[in-house]
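A look at the structure
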Amino acid sequence: VTNMVETMYNKALEDSRIRSFFEKNKAKVTTIKKKMTQFIGGAFGGPASYDNNDLRPMHYSMNVSDYHFDAILDIIRGVLKESGAKPKDVADALMILQPVRADITTGYTVRMEMARKNVEKGKDQLFKRLGGSEGITALM
């Protein structure tokens, strides 16, 4: 699992869709890799040393969307295939990870819903609040 996480992390750093979530200082990278190894090891049937209750608060402020979650699943799929996993095992692994999607993407989902409601109410429209074209021209 450690080697899988190492490969995953390196591929995430190369992926423009999610690189920003993984470009951290050395100490933070070490912590992230350790937690990913604990989580994936437990999710795939090994000793569960990661508390899944930490997933939501850990990711809430990160703005991880379904797009980003799917990007990491793409990387996991590729790493498993490269390591020689059978197609059924790859599909099973991805299914095992699906239930945590909501925990990881909740922060983004909540903020998007709040923004949508604000737009519906006529709030949070920066263009209007700046005074439209005239206000922006004056600002410039």
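Residues numbered from 1 in each chain as written. Predicted model: local features only at pLDDT ≥ 70, side-chain atom pairs only at ≥ 80, totals over all residues. Heavy atoms only, no water.

1. Brief notes about the layout of surface pockets
Short version of the rule: Cavities and pockets are defined on a 1 Å grid built over the protein atoms alone: a cavity is a set of grid points where a 1.4 Å probe fits but cannot escape, while a pocket is an open set with protein on both sides within 12 Å along at least five of seven lines, and lining residues are those with an atom within 4 Å of any such point. Grid points are joined across faces, edges and corners, and a volume is the space filled by probe spheres set on the points. A run of H or I in DSSP counts as a helix once it spans at least four residues, and a run of E counts as a strand once it spans at least two, with each numbered from the N terminus. Charged residues are taken to be Asp, Glu, Lys and Arg, nonpolar residues to be Ala, Val, Leu, Ile, Met, Phe, Trp, Tyr, Cys and Pro, and polar residues to be all remaining types, Gly included.
The calculated volume of the largest pocket comes to roughly 650 Å³. Along the wall of the largest pocket there are 26 residues; nearest its centre are F22, I32, M36, H59 and I104. Only α2 (19–22), α3 (26–43), α4 (55–59) and α5 (66–82) provide two or more residues apiece to the lining of the largest pocket. Considering every element that reaches the lining of the largest pocket, the biggest residue donor is α3, with 7 residues. Of the residues contributing to the lining of the largest pocket, the split by class is 20 nonpolar, 3 polar and 3 charged.

2. Here's the deal with the pattern of salt bridges
Worth spelling out the cut-off: Salt bridges are defined as contacts in which a side-chain nitrogen from Lys or Arg sits within 4 Å of a carboxyl oxygen from Asp or Glu. Buried residues are those whose accessible area, probed at 1.4 Å on protein chains only, stays under 20% of the maximum for their type, while exposed residues exceed 50% and partly exposed ones sit between those limits.
Counted according to the given criterion, the structure contains 12 salt bridges. Across the salt bridge formed by D74 and R17, the nearest N and O atoms sit 3.2 Å from each other. You can see D74 sitting in helix α5 and its partner R17 sitting in the loop between α1 (2–14) and α2, a full 57 residues away along the chain. R116 is paired through a salt bridge with E113; the nearest N and O atoms lie 2.3 Å apart. Here R116 and its partner E113 are both found in helix α7 (residues 101–120), 3 residues apart, which amounts to about one turn of the helix. On the accessibility criterion, E113 (30% relative accessible area) is partly exposed. Among the charged side chains, a network of salt bridges with common partners joins D15, R17, D74 and R77.

3. Some thoughts on the side chain of T106
We count it as follows: A contact between two residues is defined here by any heavy atoms of the two lying within 4.5 Å.
For T106, the position within the fold is in helix α7. A relative accessible area of 15% means that T106 is categorised as buried. Among all residues touching T106, those that are not within four sequence positions of it are R56 and Y60.

4. A short note on the packing of α1 against α5
Going by this rule: In this analysis, axes come from line fits to C-alpha atoms, helices being fitted only over the stretch in contact, and the angle between any two N-to-C directions falls in the range 0 to 180 degrees. Working rule for angles: under 35 degrees goes down as roughly parallel, over 145 as roughly antiparallel, 65 to 115 as roughly perpendicular, anything else as oblique. Each crossing gets its handedness from the near helix: less than a right angle anticlockwise from the far helix is left-handed, clockwise is right-handed.
The N-to-C vectors of α1 and α5 enclose an angle of 130°; their axes lie 10 Å apart at closest approach. By the angle class used here, α1 and α5 are oblique. Helix-helix and strand crossings are classified by hand; for α1 and α5 the assignment is right-handed. For the pair α1 and α5, the contacting residues are M4, T7, M8, K11 and A12 in the first and I72, I75, I76, V79, L80 and E82 in the second.

5. Re a positive patch on the surface
The condition that has to hold: Each patch is built from salt-bridge-free residues with over 30% relative accessible area, joining like charges within 9 Å and nonpolar side chains (Val, Leu, Ile, Met, Phe, Trp, Tyr) within 5 Å. Accessible surface is estimated by sampling points in the Shrake-Rupley manner with a 1.4 Å probe; for residues, cover comes only from the protein chains shown. Only four residue types enter the charge count: Lys and Arg as positive, Asp and Glu as negative, with His and the chain ends excluded. Charge positions come from single atoms, namely NZ of Lys, CZ of Arg, CG of Asp or CD of Glu.
A contiguous patch of positive charge, built from K24, K28, K34 and K35, is present on the exposed surface. Within the secondary structure, K28 sits in helix α3. On the basis of relative accessible area, K28 is assigned to the partly exposed category, the value being 40%.

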